[in-house]
Amino acid sequence: MIRMAGVEKYFDDYHALRDINLEIPRGQVVVVLGPSGSGKSTLCRTINRLETIDSGVIEIDGVALPEEGKALAKLRAEVGMVFQSFNLFPHLRIRDNVTLGPIKVRQLNKAEAAKRADVLLERVGIATQAEKYPAQLSGGQQQRVAIARALAMDPKVMLFDEPTSALDPEMVNEVLEVMADLAREGMTMVVVTHEMGFARRVADRVLFMADGAIVEDSTPEDFFTNPQSDRAKDFLNKILAH
């Protein structure tokens, strides 16, 4: 479903991604771990071309990422993205935040889009909030709206870039639970996170990144019980120390 081959990315002199080679089959949940500045978010953002790459190939479901224009917009519609900040439209009600994309991009009629939005808001546990504005919701609720909004486009892939890092601790689990449900339903997911419990419980694969490279690619069980690299051992030791 996702293929990256020889992907390189620089920010001026900074080598952000180094020779990334990665294949993610349909329905797999891949969690990307690593210290700050290791390239995790950049990796995630290149998959739907929020960041351009300097060389290499990225394909979604067998189609190479277009450079720009309508073809890119079409492919982006296949790739849902949930960010740290919820990025909801503050002036729109919750239901309208969810229906906007399907109406504008997928050309759904308003009634059909609203019906689908209500189903998705029910699915993420906030059906009763549909008429409210984002500012009236908690951070956890807003992030669940952001997930519903991404799902409303009926994407083939969901990307999550540290979706819980801006949340109060008590709201983290409600968002992780929605993500775990998606995983159980077979959604192809790439999740950049610091939530080790989620990685152990939900991931099919763990990628560990350091200095812009994928250092380890293994099962959660292998990664957490028997990391192969000194960088990964050091990373896990620091986390366990907290």
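Criteria and thresholds
- Residues numbered from 1 in each chain as written.
- Predicted model: local features only at pLDDT ≥ 70, side-chain atom pairs only at ≥ 80, totals over all residues.
- Heavy atoms only, no water.
- Core = buried A, V, L, I, M, F, W, Y, C linked by side-chain atoms within 4.5 Å.
- Buried < 20%, exposed > 50% of the residue type's maximum accessible area, 1.4 Å probe, protein only.
- Helix = DSSP H or I, 4+ residues; strand = E, 2+ residues; numbered from the N terminus.
- Contact = heavy atoms within 4.5 Å.
- UniProt positions renumbered as here; feature names shortened; annotations may be inferred.
- Phe/Tyr/Trp six-rings, centres within 6.5 Å; stacked < 30°, edge-to-face > 60°.

## Comments concerning the nonpolar core
Consideration 1: Ranked by internal contacts, the top residues of the largest apolar core, which has 50 residues, are Leu 33, Ile 147, Met 158, Phe 160, Met 179 and Met 189.
Consideration 2: Here this core gets nine residues from one element, more than from any other, and that element is helix H6 (residues 169-184).
Consideration 3: Those residues in contact with Met 189, other than ones at most four positions away along the chain, are Gln 28, Val 29, Val 30, Met 158, Phe 160, Met 179, Leu 182 and Ala 183.
Consideration 4: By size, the runner-up hydrophobic cluster in this structure holds 25 residues, among which are Val 30, Val 32, Val 79 and Leu 159.

## Focus: the UniProt feature "domain: ABC transporter" (unreviewed entry) in the protein chain
Consideration 1: Residues given the UniProt feature "domain: ABC transporter" (unreviewed entry) here are residues 2-236.
Consideration 2: The distance separating the terminal C-alpha atoms of residues 2-236 is 27 Å; by composition the span is 38% helix and 26% strand.

## Focus: the packing of aromatic side chains
Consideration 1: A complete count under the given rule lists three aromatic pairs for this structure.
Consideration 2: Ring geometry for Phe 208 versus Phe 235: centroids 5.2 Å apart, planes at 50°, classification tilted. Here Phe 235 lies in helix H9 (residues 230-241) and Phe 208 lies in strand E9 (residues 205-210), a separation of 27 residues in the sequence. For the pair Phe 208 and Phe 235, one class covers both residues: buried.

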